[in-house]
Amino acid sequence: MGFLLSKSMDANFHKQQEFMLHNSRLQLERQIMMQNQMRERQMAMQIAWSREFLKYFGSFFALASVGLTAGALKRRKPTLLAPIIPLGFIFAYQMDSAYGTLLHRMRGEAESIMESERDRLNLPQGLPTFESIEKARRAKSGLMSILEK
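This write-up is about the structure you can find in this document. Starting afresh in each chain, residues are numbered from 1 along the sequence in its written order. Only residues with pLDDT of at least 70 get local features here, since the model is predicted, and only at 80 or more are side-chain atom pairs given and counted; chain-wide, interface and lining totals rely on the full set of residues. In computing side-chain properties, one takes all heavy atoms of the structure into account and sets aside hydrogens as well as water.

## Quick look at the packing of aromatic side chains
- Classification of ring pairs rests on two measures: the distance between centres of Phe, Tyr or Trp rings, Trp counted by its six-membered ring, which must be within 6.5 Å, and the angle between planes, read as stacked under 30 degrees, edge-to-face over 60 and tilted in between. The final tally for this structure, using the stated rule, is five aromatic pairs.
- Look at Phe-57 and Phe-60: their rings are 6.0 Å apart centre to centre, the planes differ by 50 degrees, and that puts the pair in the tilted class. Placement of both Phe-57 and Phe-60 in helix H1 (residues 2-75) is noted, with a separation of three residues, approximately one turn of the helix.
- When the ring of Phe-57 is compared with that of Phe-91, the centres are 6.5 Å apart and the planes differ by 25 degrees; the resulting orientation is stacked. Of this pair, Phe-57 sits in helix H1 while Phe-91 is found in helix H2 (residues 84-99), placing the two residues 34 residues apart along the sequence.
- The exposure class of Phe-57 is buried, given its relative accessible area of 10%.
- Relative accessibility thresholds used throughout: buried, under 20% of the residue-type maximum; exposed, over 50%; partly exposed, between the two (1.4 Å probe, protein chains only). By relative accessible area, which is 23% here, Phe-91 ends up partly exposed. By the criteria applied, helices consist of DSSP H or I runs no shorter than four residues and strands consist of E runs no shorter than two, each listed in order from the N terminus.

What follows is the structure, encoded as structure tokens:
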């Protein structure tokens, strides 16, 4: 009798373990999907910001270029055209960031770094562990109790 009861409890235990494993896997997949959606939203906001900034900077660049060119022709001073060069580089960078392939090139470079220069990605003192987090928490809570006195 005890053997049969033990056998059914063991089967229930295994079923419960499988159920818990399945639930934890689902929860992890949901967390990964949520984090990826948040990352995508942040990237979309960054691209949108670049495009909006480009509108304002493009207008400034166009007005500055026309004004500096007119001033250089009117006063016969070609040095007035000098600011157009660095402003042109900034405009080209913003254009590449907003509509070009800058993000694709950056992603490719990041993948290359992750593959061939992995040592550059190491955190100081390594990955945080439960013990290191707990030690910092205890130190902070000890400091808080001293400050409250």
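## Topic: the nonpolar core
- Counting residues in each nonpolar core, the largest one holds five residues, listed as Phe-57, Phe-61, Ala-64, Ile-84 and Leu-87.
- Secondary structure elements with two or more residues in this core: H1 and H2.
- Considering every element that reaches this core, the biggest residue donor is H1, with three residues.
- Note on contacts: a residue pair is in contact if any heavy atoms of the two residues lie within 4.5 Å. If we ignore the near neighbours within four places in the chain, the residues touching Phe-57 are Leu-87, Ile-90 and Phe-91. In this description, a nonpolar core means a group of buried Ala, Val, Leu, Ile, Met, Phe, Trp, Tyr and Cys residues linked to one another through side-chain atoms lying within 4.5 Å.

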